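Take a look at the letters that make up each chain.
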Amino acid sequence: MVAPHADSSRRLEEIRTRIAQAAKRAGRSADSVRLVGVSKTVQADAIHPLLAAGLASFGENRVQEALGKWPPLCAAYPGTSLHLVGQLQSNKAEDAVGVFDTIHSVDRLSLVQALGKAVARLGRAPDCFLQARIADEPQKGGCAIAELPALLDAGRHYGLHIVGLMCVPPVGRNPAPYFALLADLARRLDLPRLSMGMTADFETAIELGATDIRIGTALFGTREQVV
Ligand SMILES: *Cc1c(COP(=O)(O)O)cnc(C)c1O
């Protein structure tokens, strides 16, 4: 049998090349773009080759899955940083603060308060992105654009370390206007980082200023459909 993920380190090299080319087109340094490998639903044995190849940032969308999978991997590769890219329930805030170095999905006051409490209790403050509802898709999570300034103020008040804005543009539409809007919002709020761009659109995101791209499929192959 062929190991199903034997080629993931080759995929990593290809993605790094594409990142470098997109950064160059934008007159940016490739080092200004952090590649977050989204390993949700991927088993530990398929993650190992990427850790060994030097990928240092990984994203998960479920707190429980990260708690189950990552402690031994992080022990083996101590420089690894873990990113939460999925929606977070307030009752999981403390677990999330305990395990993640960056949380990309802070989108409401109740969550800001729960995270603030967890940060105070654990003495550990992950970097946080405010997730913006960049199109009118309430089911997707994200804070309404008009409410971002108030959420940022609240985040700072509750001791969160807010570094930037994050978005997931609507499926099937040209993502460029959404990325440009997010970049403009971050500029106005004086936030330095932009978490945007996935497998289908990361080069466009880089050209529009992404600092953190979240790539799953292009690294690990197509995921099993999860319900
Ligand atoms: C799954 C996921 C990704 C990765 O998506 P791909 O298209 O597989 O690269 C990025 N961001 C979020 C929020 C996700 O849930």
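Preceding block: the structure.
Calculation notes
- Residues numbered from 1 in each chain as written.
- Predicted model: local features only at pLDDT ≥ 70, side-chain atom pairs only at ≥ 80, totals over all residues.
- Heavy atoms only, no water.
- Near = heavy atom within 4 Å.
- Polar contact = N/O pair within 3.5 Å; in protein donor to acceptor, adjacent residues only side chain to side chain.
- Areas by Shrake-Rupley, 256 points an atom, 1.4 Å probe, with all protein chains shown as cover.
- Axes fitted to C-alpha atoms, helices over the stretch in contact; angles between N-to-C directions.
- Helix = DSSP H or I, 4+ residues; strand = E, 2+ residues; numbered from the N terminus.
- Left-handed = near helix turned anticlockwise from the far one by under 90°.
- Contact = heavy atoms within 4.5 Å.
- Nonpolar A, V, L, I, M, F, W, Y, C, P; charged D, E, K, R; others polar.
- Core = buried A, V, L, I, M, F, W, Y, C linked by side-chain atoms within 4.5 Å.
- Buried < 20%, exposed > 50% of the residue type's maximum accessible area, 1.4 Å probe, protein only.
- 1 Å grid on protein atoms, 1.4 Å probe; cavity = no way out; pocket = protein on both sides within 12 Å on 5 of 7 lines; lining within 4 Å.
- Points joined across faces, edges and corners; volume = space filled by probe spheres on them.
- Arc of directions from axis to C-beta.
- Salt bridge = Lys/Arg side-chain N within 4 Å of Asp/Glu carboxyl O.

We now examine the site of the ligand. Taken together, V38, K40, V85, M166, M198, T199, R214, I215, G216, T217 and R223 form the complete shell of residues around the ligand. A distance of 2.7 Å is found between an oxygen atom of the ligand and a side-chain nitrogen or oxygen belonging to K40. Within the side chain of T199, an N or O atom sits 2.5 Å from an oxygen atom of the ligand. For the ligand, whose accessible area on its own is 390 Å², the fraction buried by protein is 87%.

Between helix α2 (residues 44-52) and helix α3 (residues 63-76), the least distance of the axes is 11 Å, while the angle of their chain directions is 35 degrees. You can see that α2 and α3 cross each other, and the crossing is right-handed. Facing α2, whose interface residues are A44, I47, H48 and L51, α3 presents K69, W70 and L73. For the contact of α2 with α3, the class distribution of residues is 5 nonpolar, 1 polar and 1 charged.

A general tendency of soluble globular proteins is for nonpolar side chains to be buried together. Within the largest apolar cluster, 66 residues are counted, with the highest numbers of intra-cluster contacts made by F58, F100, I103, L115, L165 and I213. Sorting elements by how many residues they give to this core places helix α7 (residues 176-189) first, with 7 residues. Every residue in contact with I103, bar those within four places of it in the chain, is listed here: L84, L88, A96, L115, P126, D127, C128 and F129.

To find leftover empty space, a probe the size of one water molecule is rolled over the atoms. Here the structure, examined in full by the defined rule, presents 1 cavity of 30 Å³ or more. Surrounding the largest cavity, Q131, A132, R133, I134, A135, E137, K140, G141 and V168 form its lining.

Glancing now at helix α6 (residues 148-157). Of the residues making up α6, those classed as buried are L148, L151, L152, A154 and G155. In a view along the axis of α6, the buried residues occupy a sector of 165 degrees, so they form one face of it. Counted as exposed and oriented over 90 degrees from the buried face of α6: A150, D153 and H157. Each element contacted by the buried residues of α6 is listed here: β4 (102-106), α5 (109-122), β5 (127-133), β6 (143-144), β7 (161-166) and α7.

All right, on to the pattern of salt bridges then. Across all of its chains, the model carries 16 salt bridges by this definition. Across the pair D212 and R34 runs a salt bridge whose closest N-O atoms are separated by 2.8 Å. Here D212 is found in strand β9 (residues 212-215), whereas its partner R34 is found in strand β1 (residues 34-38), with 178 residues between them in sequence. Owing to a relative accessible area of 25%, R34 belongs among the partly exposed residues under this scheme. Among the salt bridges present, the one from E65 reaches K69, with a minimum N-O distance of 3.0 Å. Remark: K69 and E65 occur in helix α3; sequence separation between them is 4 residues, near one turn of the helix.

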